[in-house]
Every structure is written in structure tokens, then in C-alpha cells.
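# Breakdown of the fold
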Amino acid sequence: MALKDITLGQYFPGNSLLHRFDPRSKILFTVLFIAAIFLCKGLVSYGITLLILLMMIGISKVQPRVFLKGMKPVVFIVVCTAILNLFYTSGTVLWSWGILKITEEGIWKAGFMVLRILMLIACTLLLTYTTSPILLTDGLEKLLRPLKKLNFPVHELSMMMSIALRFIPTLIQETDKIISAQKARGADFDSGNLIQKAKALIPILIPLFISSFRRAEELAIAMECRCYHGDEGRTSLRQLRYAGRDYGLIVFSIALCAGIVVLRVVFGL
């Protein structure tokens, strides 16, 4: 997997309906959709959430290959999760060999777990792909504003998340450049055992840490030069306002969670 395949934190500008939603409504939809995924129990509920997710991806007009590209970093985790659930779930045995056994319940559980992980990642990517880091920060800060009464550092938390998301693509590009430069100097990152491969990462990590600290210092100086003093007296260039479509998205999200709960509790689906 190449580093360029990691697309977390990237924003794809567009004018789709999903791009035009208020960031607060998109954040609420993401949270409620994740809750709905965890509430899913059977094939029907998983099918409904998957259909809604695919519909949202289509509305966003972001290419599906971009989502597939963003899921490459978690392929190993998905495969390990599937294997563990496949071989270590008790039930009706379909095949066995020594301590390994495949059950009917294990097949269903492995499939549902893989689907759950992929939907969770796709839903998170959908939020970052269609919302700029600045709007995401403003939306999160507005949603968490009631916590200010409890002296919770809402603005600082939102700013840290925004900076972290903003610099993920930058650090990935920087790492790729360092690897290419080290390979041009004869460095070998592919051969050898695990310990040798770990030692080979030192020529990458040291320049990356130095570059990261330098960027952090430059950012801090730039913020001080612009008289940044946190949330005190700070205003927003773009005022967030809910539109009718935003209320519709929130109602739809709540209805989805309620429907999944009914399917789970009443019908066992």
C-alpha cells in the first residue's frame, strides 16, 4: 500500500447537495448513522444502512474509487477481524480441522463485522470528503458550545482537531518525499527481518519528526503574528445557519436510528 492511498483528512471541493449541508447537520448525521450501525442486528437492518450509505455516497458525487482507496489502509484489520470471527465463533459446525472450525454463525458474524467496519470508515470519510476542515471545526464548536458553561475548552479542542485533519495529507506527502530521498541514497526498506525493517525506519522517522516540529513552530508563530488569542473575541467569517434541508437530514437521521431500534427489539432483524 502506497502512502498516497491514505486519503483521511482530505477534502474534495464540490457543489453537491451533501456539500451544501450545514456542517453541524452532517456531524449529527454521522454520529447517528454510526449509532445505527452499532444497533444493527440482522440482514435487513444492515441492508437498510448500507443502502442509505450508498445513496449518500452517490449524492456526494465523490468517485467511489476514492472511498475504496481510502479503505486500503484498514484491509489488514478487516481481514484479521473476519478470520477471528470466522474460526472462533461457536455454533453449527460446517468444517473443522484440529482446533480450527467454521460455523454457520461464524460466517454470518464475520460478514456482519466486516460490513460494519467498512461502513464506519466510509461514513467517516464521507464527512471529511465533503466538509472543509474550517467548516468542520466551526460546526463542531457550535455543537459543543453548551459545554462552555462547564469550562470545557470547546474552541481549543475544535482547533486541534482541525489542525490534525489539515496536516494529515501534508505529513503523508512529507513521508513519501523522505522515503523517496532515502531510497535514492541506497536505503533498503523491504528486505531483512522484522527488527532490521524497524531499524530501517529510523532514517525516515527522525527527519519526519524534525519537519513536524518545524511546521508546528511556524504555525504557532503565524498564529501569534495574526494576534490569535483563542476563543476570546473571535468571530467567524462565515456564519452557520440551518436551512430546511438541514432539519430534514437531522429528522431523517433520528428516524433511521428509531427504525433500526424497532427492527432490532421488536422484529429481531
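The preceding data block contains the structure.
Residues numbered from 1 in each chain as written. Predicted model: local features only at pLDDT ≥ 70, side-chain atom pairs only at ≥ 80, totals over all residues. Heavy atoms only, no water.

### Examining the environment of Ala164
In this fold, Ala164 is placed in helix 8 (residues 154–184). Between the C-alpha atom of Ala164 and that of Gly98, which follows or precedes it by 66 residues, the distance is 47 Å. (Helix = DSSP H or I, 4+ residues; strand = E, 2+ residues; numbered from the N terminus.)

### Remarks on a nonpolar patch on the surface
Together, Val44, Ile48, Val261, Val262, Val265, Val266, Phe267 and Leu269 line one region of the surface with nonpolar side chains, adding up to about 670 Å² of accessible area. Contributing elements (two or more residues each) for the nonpolar patch: helix 3 (43–60) and helix 11 (244–265). The element best represented in the nonpolar patch is helix 11, accounting for 3 residues. Here Val44 is to be found in helix 3. In this structure Val44 comes out as partly exposed when scored by relative accessible area, which is 38%. (Patch = residues over 30% accessible without salt bridge, like charges linked within 9 Å, V, L, I, M, F, W, Y side chains within 5 Å. Areas by Shrake-Rupley, 256 points an atom, 1.4 Å probe, with all protein chains shown as cover. Salt bridge = Lys/Arg side-chain N within 4 Å of Asp/Glu carboxyl O. Buried < 20%, exposed > 50% of the residue type's maximum accessible area, 1.4 Å probe, protein only.)

### What about the pattern of salt bridges?
Counted according to the given criterion, the structure contains 2 salt bridges. Notably, a salt bridge pairs Arg24 with Asp22, separated by 2.9 Å at the nearest N-O pair. Given a relative accessible area of 11%, Arg24 falls into the buried group. The exposure class assigned to Asp22 is buried, which follows from its relative accessible area of 4%.

### Looking at the packing of aromatic side chains
The relative placement of two aromatic rings is captured by the distance of their centres and the angle of their planes. Under the criterion given, the structure shown has 7 aromatic pairs. Ring geometry for Trp108 against Phe112: centres 5.8 Å apart, planes inclined by 40 degrees, an arrangement best described as tilted. Of the two residues, Trp108 and Phe112 are both situated in helix 6 (residues 104–130); the distance of 4 residues between them amounts to about one turn of the helix. For Trp108, a relative accessible area of 44% puts it in the partly exposed group. The ring of Tyr242 carries Arg24 above its face, with NZ or CZ at 4.1 Å from the centroid. (Phe/Tyr/Trp six-rings, centres within 6.5 Å; stacked < 30°, edge-to-face > 60°. Lys NZ or Arg CZ within 6 Å of the ring centre and 35° of its normal.)

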